Amino acid sequence: MEQKKIIVGATGASGLPLLLECLKLIRAAEGFSSALMMTHGAELTLKHEMAMERADAAELADEIFAIDEIGAGPASGSYRAVGMLVVPCSMKTLAGIYCGYADNLLLRSADVMLKEKRPLVLAVRESPLSPIHLRNMQELALLPTVHIVPPMLVFYNKPKSLEEMMQQIAARLLAPFGLMAEEYRPWQGL
Ligand SMILES: Cc1cc2nc3c(=O)[nH]c(=O)nc-3n(C[C@H](O)[C@H](O)[C@H](O)COP(=O)(O)O)c2cc1C
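Conventions and cut-offs
Residues numbered from 1 in each chain as written. Predicted model: local features only at pLDDT ≥ 70, side-chain atom pairs only at ≥ 80, totals over all residues. Heavy atoms only, no water. Helix = DSSP H or I, 4+ residues; strand = E, 2+ residues; numbered from the N terminus. Buried < 20%, exposed > 50% of the residue type's maximum accessible area, 1.4 Å probe, protein only. Contact = heavy atoms within 4.5 Å. Near = heavy atom within 4 Å. Polar contact = N/O pair within 3.5 Å; in protein donor to acceptor, adjacent residues only side chain to side chain. Areas by Shrake-Rupley, 256 points an atom, 1.4 Å probe, with all protein chains shown as cover. Phe/Tyr/Trp six-rings, centres within 6.5 Å; stacked < 30°, edge-to-face > 60°. Arc of directions from axis to C-beta. Core = buried A, V, L, I, M, F, W, Y, C linked by side-chain atoms within 4.5 Å.

> Help me get a handle on the side chain of Ser34, residues and values and all.
Structurally, the position occupied by Ser34 is in strand 2 (residues 32-38). Residue classification places Ser34 among the buried positions, given a relative accessible area of 1%. Not counting chain neighbours up to four residues away, the residues in contact with Ser34 comprise Ile6, Val8, Leu23, Ile26, Leu60, Ala61, Asp62 and Glu63.

What follows is the structure in structure tokens.
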């Protein structure tokens, strides 16, 4: 059976532990694989938040591309990926996606998702948000294939630890690709 490949982009916003959580859930899910690309900002933030290097994140991915590798497969619509997740997504990368300013492989891959009308999930992270951030999110949210999914804290499923909460946030980010992690506990009603 052909694996459903999800392109996973990481940027220099806070939240690199969520990237690792998403990669772990993809690896654990039958029939899915990941192709990772990290901006230079993501590498810096990974080091700061997790004391980890790009190579450590790469171990959790099935494939990895360099951010400057603009001739790599994901730069083309013929690359077989079911969609793309950007986690975390900085306001700079959000702006690049909105403007079609595809000057690195992550931005180009997101641009390809838009033109091919494949799911693009953006785990946008900034606080507070400026009118420019909100404008960029609103414009992208109007496109039917784009999901703006800020990694929000969730309390209604009564997480017992930060790790559990992160797992729920990561699982929610993957649901638009049809990847329903076993651990996912969506709202079931009162
Ligand atoms: C520790 C740290 C945390 C940051 N957190 C955020 C954030 O939450 N949101 C954001 O938009 N930028 C954040 N930044 C700034 C981005 O890393 C910066 O704008 C960078 O140029 C983004 O580039 P990239 O999207 O190519 O990774 C943070 C920077 C550092 C060093």
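> Summarise the site of the ligand; cite the residues concerned and give the values.
For the ligand, the set of nearby residues contains 13 residues, the closest of which are Gly12, Thr39, Ser90, Thr93 and Arg125. One of the side-chain N or O atoms of Thr39 is found 2.6 Å from an oxygen atom in the ligand. One of the side-chain nitrogen or oxygen atoms of Ser90 is found 2.6 Å away from an oxygen atom of the ligand. Isolated, the ligand exposes 640 Å² of accessible area, and the fraction of that covered by the protein chains is 69%. Contributions of two or more residues to the shell around the ligand are made by helix 2 (40-50) and helix 4 (91-99). With three residues, helix 4 is the largest single contributor of residues to the shell around the ligand.

> Tell me what's going on with the packing of aromatic side chains, and back it up with residues and numbers.
Tallied over the full model, the rule gives two aromatic pairs. Summarising the aromatic geometry, the rings of Phe65 and Tyr79 are spaced 6.1 Å apart at their centres and angled 80 degrees between planes, so their arrangement reads as edge-to-face. A residue pair is termed long-range when its members are at least 10 positions apart, and Phe65 in strand 3 (residues 63-65) and Tyr79 in the loop between strand 3 and strand 4 (83-89) qualify at 14 residues. Just as Phe65 is buried, Tyr79 falls in that class too.

> Hey, could you go over helix 2 for me, with residue numbers and the actual values?
For helix 2, the set of buried residues is Ala42, Thr45 and Leu46. Down the axis of helix 2, the buried set is contained in an arc of 110 degrees. They therefore lie on one face. What points out from helix 2, more than 90 degrees from its buried face, is the exposed set His40, Leu44 and His48. Buried residues belonging to helix 2 abut strand 1 (4-10), helix 1 (16-28), strand 2 and helix 3 (54-58). Looking one or two residues beyond helix 2, the residue adopting positive phi is Ala51, at roughly 50 degrees.

> Tell me about the nonpolar core, and name the residues and values.
With 36 residues, the main nonpolar core has Ile6, Leu19, Met38, Leu85, Val87 and Leu174 as its most contacted residues. Elements that contribute at least two residues to this core include exactly strand 1, helix 1, strand 2, helix 2, strand 4, strand 5 (120-124) and helix 7 (162-174). Top element by residues in this core is helix 1. It accounts for eight residues. In this structure Leu174 touches Ile6, Cys22, Leu25, Ile26, Leu85 and Leu179, once residues within four positions along its chain are discounted.

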